[in-house]
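One letter stands for each residue in the lines below.
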Amino acid sequence: MAKTQPEPVRDPKADHLLTPQNCVLVLIDYQPEQYSSVTSSSREEITLNAVALCKLAQAYNIPVVLSTVAVDMGVNEGTIPAIREALPGVQEIDRTGVNAWQDDDFRKAVQDTGRRKVVIGALWTEVCLAFPTLDMLAEGYEVYPVADAVGGISPTAHERAFDRMIQAGARPITAISFGCEIMRNWARGDSDNLREVMRWYFPQHRRLHKST
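### Observations concerning unusual backbone geometry
Look at the link from L123 to W124: it is a cis peptide, with omega at 0°. Tracing the backbone shows W124 in the loop between strand 4 (117-122) and helix 5 (125-138). Phi at N61 is positive, roughly 55°, even though this residue is not glycine. Checked against the element boundaries, N61 lands in the loop between helix 2 (43-59) and strand 2 (64-69). Using a relative accessible area of 66% as the deciding quantity, one classes N61 as exposed. Positive phi values are uncommon outside glycine, yet R184 reaches one of about 75°.

### Some points on helix 7 (residues 175-183)
Taking burial as the measure, the nine residues of helix 7 include seven buried ones, the bulk of the element. Turning to helix 7, its buried residues are A175, I176, F178, G179, E181, I182 and M183. Positive backbone phi, approximately 75°, marks R184, located one or two places after helix 7.

### Concerning helix 8 (residues 191-210)
With 20 residues, helix 8 extends 29 Å from end C-alpha to end C-alpha; this agrees with the ideal 28 Å at 1.5 Å per step. Buried within helix 8 we find S191, L194, V197, M198, Y201 and L208. On its buried face, helix 8 is in contact with helix 2 and helix 7.

### Overview of the packing of helix 7 against helix 8
Between helix 7 and helix 8, the shortest axis-to-axis distance is 9 Å and the interhelical angle comes to 165°. Taken together, the axes of helix 7 and helix 8 are roughly antiparallel relative to one another. Two packed elements cross with a definite hand, and for helix 7 against helix 8 that hand is left-handed. Mapping the contact onto sequence places I176, G179, C180 and M183 in helix 7 and S191, L194, M198, Y201 and F202 in helix 8. Considering only residue class, the contact of helix 7 with helix 8 consists of seven nonpolar, two polar and no charged.

About the cut-offs
- Residues numbered from 1 in each chain as written.
- Predicted model: local features only at pLDDT ≥ 70, side-chain atom pairs only at ≥ 80, totals over all residues.
- Heavy atoms only, no water.
- Helix = DSSP H or I, 4+ residues; strand = E, 2+ residues; numbered from the N terminus.
- Buried < 20%, exposed > 50% of the residue type's maximum accessible area, 1.4 Å probe, protein only.
- Expected span 1.5 Å × (residues − 1).
- Contact = heavy atoms within 4.5 Å.
- Axes fitted to C-alpha atoms, helices over the stretch in contact; angles between N-to-C directions.
- Parallel < 35°, antiparallel > 145°, perpendicular 65-115°, else oblique.
- Left-handed = near helix turned anticlockwise from the far one by under 90°.
- Nonpolar A, V, L, I, M, F, W, Y, C, P; charged D, E, K, R; others polar.

Don't take any of this as a statement about function, it's just geometry.
Here it is, written out as structure tokens:
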């Protein structure tokens, strides 16, 4: 018998896997100054995957918390245009500290979503990703660092930061695996949301890797 119908949908809020109804996307410090010192991955690779996260969040109505550091102080520029353009209407939350979870406005923005599964990307891996991840894990959140949308000042810094986060309970994912997890079934009515992102993503991905 041909299979053309989706399986029954599990409770999207209680599902142990990520769903559009149970997670929040957090992006921290995708600013030119942070990019300039990342060497564990290329700027183009990080941005491609970060923008994919934005497109997926927009397509599936997932709340987004976007943060920067030291913009109000006049030290740094804001979030790079590619990410800002992919998140229309999402306001930046600026901070002075490197650990976003210690900023009251940032922490409240995450808490106000009511969601306990946090999909997170940040620059650098070893600081602006690791510190809030460790704090959120300590407070009982489930945290999903997006491994191909982040970078550190060296491969060693990036890898050891992931070791530390994983040992504390973090659950690494990648940008496209995130899309597949929230879509879940090709026969669902909203599966074209992921198809559209993939049609944009894979030509970009091929061009990027042909040039490296």
